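Examination of the molecular architecture
Listed below, chain by chain, are the residues.
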Amino acid sequence: MILFQLTRIGTRFTFLAGVFTVGVSCMLFGFLDWVPVGIDFVSLSMAIRIVEGIGAAAYITASFAIIANEFPNKVSTMFGTLETFNGLGLMLGPLIGGALYFALGFGFPFYVLGGFLLIASLVAVFLLPKQIEDDLPITMSYWTFITAPTVFICLLCIAMGSMSMGFLQPTLQPHLEKNFQLNTFVIGLVFFCTSAFYALSAPFWGWLGDKYGHSLELMIIGCLFTSFAFLFVGPSPILPFETKLWLVIVAQIALGIGTSAQMVAPFKFCLHNVIEQGFPNNFETYGLLSGMYSTCFSFGAFIGPTVAGSLVAVVGFPMGTSLFCIINLLMAFVVFLYMCSYKRTRHADTVKYQPLSSEEYSVSYGAIKKNSF
């Protein structure tokens with residue numbers, strides 16, 4: 001609902017209110033240690049997390065829209081930078097939170113993070129520029145937006161990248177413990193590889209998208225990197241060798257690089273195409289696309305671990321990762337087919353509306369005069 005009301009509420013207010021809400025919710029969650037175990041604890045935990053989720057949806061959606069408005073010529077680069085800090089959060093969050101928990105107890109990590117977010121919301125009040133938002137509404141239906149081929153392909157790629165990241169969260173640790181007898185710290189370092197290379201490669205994909213375009217090609221490359229990761233992390237039963245730790249690490253690196261391309265490349269391409277299709281170039285469209293991006297990312301993050309646990313329990317880890325390898329290859333093939341169709345359509349439009357040269361115009365004008373008599 002936030003994506004439909006963004007311009008009515010105000011993008012700047014949505015961002016500030018979202019950060020403030022998450023900060024307060026995070027601090028309140030730290031006090032749950034004082035609540036007796038039972039229905040009260042469970043109910044309060046769920047209520048606080050729901051409110052925190054609403055706040056996170058608000059400021060994430062608003063931040064994407066603000067980026068698109070403030071940096072119209074560098075959308076991909078700035079979006080990649082945002083994803084870098086997302087990757088840093090995934091890397092440092094468990095490390096710092098775990099250290100604070102072991103040193104100072106359950107509540108302290110939430111007090112520190114909540115306090116940091118409250119300070120950040122206060123600083124943003126003075127640093128975040130005011131957003132000039134026009135009142136031009138979207139006259140086309142939201143169903144038209146969602147079912148547009150460009151939007152559908154881009155959102156599907158985003159969901160696939162998020163699902164691929166989530167697949168290994170519940171399944172890789174048992175695989176490593178079973179085959180290599182690794183301790184928790186080393187397993188954490190293996191997971192660290194994915195987040196690190198996701199954070200490092202995201203600005204690179206964004207820079208490529210802004211400088212050279214070819215967003216569809218970048219999406220295909222991302223899907224191929226992710227397919228490579230799932231092929232070797234198991235490894236797949238079709239490969240003639242057993243699993244090796246260095247191979248798992250290489251696969252984790254490839255997964256970080258591939259999923260960052262799947263996340264970063266679609267945004268600018270999708271934004272420019274929906275504007276070409278008649279949606280207004282304003283916060284209404286930015287918010288709509290940002291909200292749909294967040295929705296698809298969250299959907300993939302939910303589906304990935306859920307499917308992974310059941311799938312690996314039935315067919316095993318190597319076969320489960322092989323199936324996800326095939327799914328990402330199919331995603332690359334779908335994007336390739338769309339790219340061929342898209343470029344053929346664009347070329348036809350260019351030829352159709354190409355202006356006549358002076359000689360062609362003279363010949364055509366002479367033929368018209370001759371036929372008119």
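The residue count restarts for each chain, going from 1 along the sequence in the order it is written. Confidence filtering applies because this is a predicted model: local features only for residues at pLDDT of at least 70, side-chain atom pairs given and counted only at 80 or more, and all residues used for totals across whole chains, interfaces and linings. To get the side-chain values, all heavy atoms of the structure are used, and hydrogens and water are removed first.

From N to C terminus, the protein includes 14 helices and zero strands. Elements are defined by DSSP. Helices are runs of H or I of four residues or more, strands are runs of E of two residues or more, and each kind is numbered from the N terminus. Its helices and strands taken in sequence order, the protein reads α-α-α-α-α-α-α-α-α-α-α-α-α-α from the N to the C terminus. A 1.4 Å probe rolled over the protein chains alone gives each residue an accessible area, and that area as a share of the maximum for its type sets the label: buried under 20%, exposed over 50%, partly exposed in between. Across the 373 residues in the protein, those meeting the buried criterion constitute 44%. Any pair of residues with heavy atoms lying within 4.5 Å of one another is described as a contacting pair. Counted over contacts in the protein with a minimum sequence separation of 6, partners at least 24 positions apart contribute 83%. Accessible surface for the protein amounts to roughly 19,600 Å². Of this, 73% is attributable to carbon and sulfur atoms. Note on areas: these come from Shrake-Rupley sampling with a 1.4 Å probe, and a residue is covered only by the protein chains present in the view.

For any two helices packed against each other, the geometry is given by the interaxial angle and the distance between the axes. Only the stretch in contact is used when fitting a helix axis, every axis being a line fitted to C-alpha atoms; angles between N-to-C directions are given from 0 to 180 degrees. Viewed as axis vectors pointing N to C, helix H2 (residues 11-30) and helix H3 (residues 39-70) meet at an angle of 150°, and their least axial separation amounts to 7 Å. Between H2 and H3, the angle is such that the two are roughly antiparallel. Classified by chirality, the crossing of H3 by H2 is left-handed. Note on residue categories: nonpolar means Ala, Val, Leu, Ile, Met, Phe, Trp, Tyr, Cys or Pro, charged means Asp, Glu, Lys or Arg, and polar means any other residue, Gly included. Taken together, the residues of the contact of H2 with H3 break down into 14 nonpolar, eight polar and two charged. The cut-offs work like this: below 35 degrees is roughly parallel, past 145 is roughly antiparallel, 65 to 115 is roughly perpendicular, and the gaps in between are oblique. Each crossing is labelled by how the near helix is turned from the far one, with a counterclockwise turn of less than a right angle marking it left-handed and a clockwise turn marking it right-handed.

This part is about helix H9 (residues 184-212). Across its 29 residues, H9 extends 42 Å between first and last C-alpha, which sits within 8% of the 42 Å expected from 1.5 Å per residue. The sharpest bend along H9 comes to roughly 30°, located at Ser201, with the proline Pro203 sitting one to four residues further on. Under the rule applied, a polar contact is a pair of N or O atoms within 3.5 Å (in protein, one hydrogen donor and one hydrogen acceptor; residues adjacent in sequence only if both atoms are side-chain atoms). Two or three places before Val186, at the start of H9, stands the capping residue Asn183, its side-chain oxygen 2.8 Å from that residue's backbone nitrogen. Backbone geometry just downstream of H9 places Gly213 in the positive-phi region, at approximately 75°. One less than the number of residues in a helix, times 1.5 Å, gives the span that helix is expected to have. By definition, a residue's bend is the angle between the axes fitted to the seven residues ending there and the seven starting there.

This part takes up the packing of aromatic side chains. When two rings of Phe, Tyr or Trp (its six-membered ring) have centres within 6.5 Å they constitute a pair, described as stacked for plane angles under 30 degrees, edge-to-face for angles over 60, and tilted for the intermediate range. All chains considered together, the criterion is met by 18 aromatic pairs. Each ring, one from Phe31 and one from Trp34, has its centre 5.3 Å from the other, and the planes form 75°; the classification is edge-to-face. When its relative accessible area of 36% is taken as the criterion, Phe31 is described as partly exposed. Whether a charge sits over a ring depends on NZ of Lys or CZ of Arg being within 6 Å of the ring centre and within 35 degrees of the ring normal. Across the ring face of Phe29, the terminal group of Arg49 is positioned such that the distance to the ring centre comes to 5.9 Å.

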